[in-house]
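Single-letter residue listing:
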Amino acid sequence: MKKLVLAVAIAAALSSYTVARAATHIVDLGTLGGNYSGAAGLNDNGQVFGTSTLPGEASQHAFSWTQAGGMIDLGTLGGNWSTGNAMNSTGQIVGGSTTAGDASQHAFSWTQAGGMIDLGTLGGSYSYAYAVNDKGQVVGTSALPDDSSHAFSWTQAGGMIDLGTLGGWGSAAFAVNGLGQVVGQSNIPGDTSHAFSWTQAGGMIDLGTLGGTHTETYGTFAVNANGQVVGVSTASGDSSWHAFLWTQPGGMTDLGTVGSIWNTPPALNDNGDVVGCRIAADGWWHAFSWTPAGGMIDLGTLGGSSSGAYAVNTKDKVVGESRTAGDAATHAVTWR
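Draft legend 1. The pairing of strand β4 (residues 48-53), seen in detail. Within β4, 6 of the 6 residues are buried, which leaves the element mostly enclosed by the surrounding structure. Direction of pairing for strand β3 (residues 37-42) relative to β4: antiparallel, over a ladder of 5 bridges. Residue Ala39 lies in a different strand from β4, and its bridge partner there is Gly50. In this antiparallel pair of consecutive strands, β3 and β4, the connection spans 5 residues, and Gly46 shows a positive phi of 85°.

Draft legend 2. Fine view of the sheet that holds strand β30 (residues 330-335). Sheet architecture is open: 4 strands sit in the order β2-β30-β29-β28, paired in antiparallel fashion. At either end of the open sheet lies a strand with only one pairing partner, and these are β2 (27-28) and β28 (303-312). The sheet contact formed by strand β29 (residues 318-324) and β30 spans 6 bridges and is antiparallel. If you follow Glu321 over to β30, its bridge partner there is Ala332.

Draft legend 3. Looking closely at the environment of Thr90. Its location among the elements puts Thr90 in the loop between β7 (78-87) and β8 (93-99). Separated by 22 residues in sequence, Thr90 and Gln112 place their C-alpha atoms 9.5 Å apart. Engagement of the side chain of Thr90 in a polar contact is seen with the side chain of Asn88, the distance being 2.7 Å.

Draft legend 4. Fine view of the side chain of Ser153. Along the chain, the position of Ser153 falls in strand β13 (residues 149-155). Judged by relative accessible area, Ser153 falls into the buried class, the value being 5%. Reaching out from Ser153, the side chain makes a polar contact with the side chain of Gln137 at a distance of 3.0 Å. Other than its neighbours up to four places away in sequence, Ser153 contacts Gln137, Val138, Val139, Gly159, Met160, Ile161 and Leu163.

Parameters at a glance
Residues numbered from 1 in each chain as written. Predicted model: local features only at pLDDT ≥ 70, side-chain atom pairs only at ≥ 80, totals over all residues. Heavy atoms only, no water. Buried < 20%, exposed > 50% of the residue type's maximum accessible area, 1.4 Å probe, protein only. Helix = DSSP H or I, 4+ residues; strand = E, 2+ residues; numbered from the N terminus. Pairing = 2+ DSSP bridges. Polar contact = N/O pair within 3.5 Å; in protein donor to acceptor, adjacent residues only side chain to side chain. Contact = heavy atoms within 4.5 Å.

Dropping the structure here:
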């Protein structure tokens, strides 16, 4: 079955920067009763979302966490698991959940007032939501009746619409800003893949590459309120991966060699700060924060071997996950 691999991303360590250990305050957010939880994002109100196992470890549910209310279970669409993937400033959380009997996976939207709702599909067997803006516009990917998969945009008023492709068989939308600009990845004729930007007025446009044949094969991208897009692309000859920054007036700019590719999305706030994962000197994945002014710093762990940072708000609060002492468990954490 042809479909895009659904959740991948990039964490890069640019070798020209010196990495220093950060002086941070780390907070354990706990779990929903199981041995694992991981925070995937937060908003400027300090609300955190992520995923946690339940007692017995057989089920995994999306959660919402606040300082006042602690961690709450968002439930599912009738199946055994759900995964939160993005949240807006109002606390609306989107992601994917199995339906009754774990028969299929559908995109969901959750709010405190309305709970979890099923966003449906483009006529195929599955869908998954990757991002939501402050207007409640949700984007992701969905199967079609022919089993191909296309990027979608969903709104309360208009439902789910197909954003098409760049001429190939599949596409997926990974981010959307407040202006409704959607970014993601699409196959082009010949089956290689390029990053795209989509707007209501202009449709889907190809962002190109840095001289190579494709952008990151399973690419996940980020876009901020200023329309800046970040991702990775092969350079000329496809011999190396480079980070890029794309803007409408300037096109794609090469930001340098990517040290490693990791299975978590890059996170970019409106200040231009980036967080992610990198290979540290000890050989383990460590969370990092990068800013234009300060370069890259290591955010540390809860005493275990590894950690990962997945989101940063405009107040420089970072969320992710870390192994605990002795690598006994993995817990959701925040850094500042």
